[in-house]
Amino acid sequence: MKISIIGTGYVGLVTGACFAELGNTVICADNNSKKISSLKKCIIPIYEPGLEELVKINVKKKRLIFTTSVREAVVNSEVIFIAVGTPSLDNGEADLTGVENVARNIALNLNGYRLIVEKSTVPVETGKWVKHTIATYVKRNIKFDIASNPEFLREGQAINDFMHPDRIVIGVESKKARDILVSLYEPLNAPMVVTDIKSAELIKHASNSFLATKISFINAISHICEKVGADVVEVAQGMGLDKRIGPGFLNAGIGYGGSCFPKDVDAFISIAEKLGCNLDLLDAVKAVNEQQKSLFISKIKDLLWIIKDKTIGVLGLSFKPNTDDIRNAPSIDIIKSLQAEGAKIKIYDPSSMEKAEELLDKVKFCKDPYETCKGSDCLLVVTEWDEFKELDFSKVKKMLKRPFVIDGRNIYEPERMKKLGFTYIGIGRGRRS
Ligand code: UGA
């Protein structure tokens with residue numbers, strides 16, 4: 001099929017490259033000319049394993065084309081995906097200015113039937129407004145369909161998530177739109193949920209909010225574990241084996257971050273408020289998420305008492321491993337709080353130190369984990385990168401001023417750390433041995 005994707009952010013670019021890989025001809029359009037000229041040279045603005053290779057192969061095969069012209073994209077494709085950003089406004093609501101702009105631009109360039117698909121994460125009823133906008137601005141009486149096809153890609157494993165999805169959600173209001181999207185996704189051989197547009201829109205916000213709820217739930221339980229001397233890892237294992245609960249997203253830690261969960265939880269709360277529905281549950285989810293960061297800081301104080309003038313080594317920055325994304329990363333808030341109390345911070349992260357330079361002042365970026373440990377009063381783990389799981393602990397111990405490790409992601413075993421001579425504190429691992 002001939003497809004165009006408007007918006008080459010994270011979702012747009014991964015979706016475009018993967019559709020091209022499946023044999024479609026894909027035009028990716030973006031109004032950022034610098035980004036487009038880099039992409040034409042196969043320079044990828046984000047860190048995503050496997051994406052660069054996929055872009056290179058498909059650009060070479062002429063199945064993946066980049067342009068700044070929405071007109072070129074609209075005129076030369078049968079299906080148009082809207083994948084522009086929907087950031088949070090100050091009141092938590094999603095800012096749909098980008099979506100509205102693209103809808104108008106599509107309308108002005110429409111020269112025949114097109115299927116226009118919302119891929120961006122949008123509030124329920126956005127489809128209705130996109131349809132209204134296109135109908136308002138389209139020049140002649142040209143037919144078009146609207147559909148919703150939310151994405152469920154995780155940063156760091158987006159290509160695998162696209163190629164092997166748990167499900168594909170398609171929200172449509174005509175058979176023609178349904179047939180187009182079903183045949184586009186058929187090669188993936190994945191379960192499909194075909195529904196109306198509003199239900200599809202809701203599936204996205206409900207899914208992300210539910211996952212955030214799971215994380216906050218286990219984080220709240222981890223606090224109880226600490227109070228009574230139980231182990232949250234084993235509690236989560238015992239819960240997760242129940243098929244109705246499932247083991248995923250039950251890792252206690254320093255809270256969820258990233259560009260999706262915080263924004264989507266806020267947007268869903270604001271949608272519910274507007275509709276006069278009660279979603280107080282999500283306010284509690286947010287509160288627990290914030291609390292995880294302050295609880296983490298209090299663990300540091302429990303060990304060091306006074307933070308002022310202490311050197312604290314931090315392993316990790318990105319909101320999770322295998323990405324360079326530091327948007328809403330808990331690490332940033334934690335580091336800033338420690339600095340506010342007068343701590344000196346040393347950091348190592350495999351991918352996101354360059355990005356963090358813009359956000360963090362007066363920190364020492366280190367070349368590896370060991371340099372981070374050198375002369376530090378304690379070591380914090382804030383992102384569970386694989387390379388942190390396999391450190392040479394005798395070296396770590398020699399380098400630290402005191403053998404203090406506070407593990408915000410539970411990547412080490414408390415018993416082993418104790419045997420190695422560390423004072424080790426995880427999250428919710430309160431069992432006294
Ligand atoms: C999330 C969803 O998982 C995707 O399905 C969705 O498509 C995407 O948002 C989106 O809306 O675009 P992502 O933000 O890439 O994906 O990251 P996740 O892997 O879901 O992790 C989110 C945060 O939760 C991270 O900070 C992670 O450390 C934290 N987390 C995750 C936990 O603290 N505990 C867990 O058990 C799982």
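This is a predicted model, so every value here is computed, not measured.

**Observations regarding the domain arrangement of the chain**
Per the domain assignment, the segments of the chain are domain 1 (2-204) and domain 2 (227-255 + 306-425). Of note, the centres of domain 1 and domain 2, computed from C-alpha atoms alone, are 36 Å apart. Facing five residues of domain 1, the contacting portion of domain 2 comprises seven residues. Of the roughly 610 Å² buried at the junction of domain 1 and domain 2 (both faces included), carbon and sulfur atoms supply 46%. Our count for the domain 1 to domain 2 interface comes out at one salt bridge. Across the salt bridge formed by Arg 327 and Glu 155, the nearest N and O atoms sit 3.8 Å from each other. Put simply, domain 1 and domain 2 have two residue pairs in polar contact (both at pLDDT 80 or more) between them. Residue composition of the side of domain 1 that touches domain 2, by class: two nonpolar, one polar and two charged.

**Here we look at the packing of helix α9 (residues 197-228) against helix α11 (residues 261-275)**
Where α9 meets α11, the axes come as close as 9 Å, and the angle between the chain directions of the two elements is 115°. Note on packing geometry: the crossing formed by α9 with α11 is left-handed. Here Leu 202, Lys 204, His 205, Ala 206, Asn 208, Ser 209, Leu 211, Ala 212 and Ile 215 of α9 come into contact with α11, specifically with Phe 261, Asp 264, Val 265, Ala 267, Phe 268 and Ile 271.

The rules behind these values
- Residues numbered from 1 in each chain as written.
- Predicted model: local features only at pLDDT ≥ 70, side-chain atom pairs only at ≥ 80, totals over all residues.
- Heavy atoms only, no water.
- Domains from an automatic or database assignment.
- Contact = heavy atoms within 4.5 Å.
- Buried area = accessible area lost by both parts, 1.4 Å probe.
- Salt bridge = Lys/Arg side-chain N within 4 Å of Asp/Glu carboxyl O.
- Polar contact = N/O pair within 3.5 Å; in protein donor to acceptor, adjacent residues only side chain to side chain.
- Nonpolar A, V, L, I, M, F, W, Y, C, P; charged D, E, K, R; others polar.
- Axes fitted to C-alpha atoms, helices over the stretch in contact; angles between N-to-C directions.
- Helix = DSSP H or I, 4+ residues; strand = E, 2+ residues; numbered from the N terminus.
- Left-handed = near helix turned anticlockwise from the far one by under 90°.

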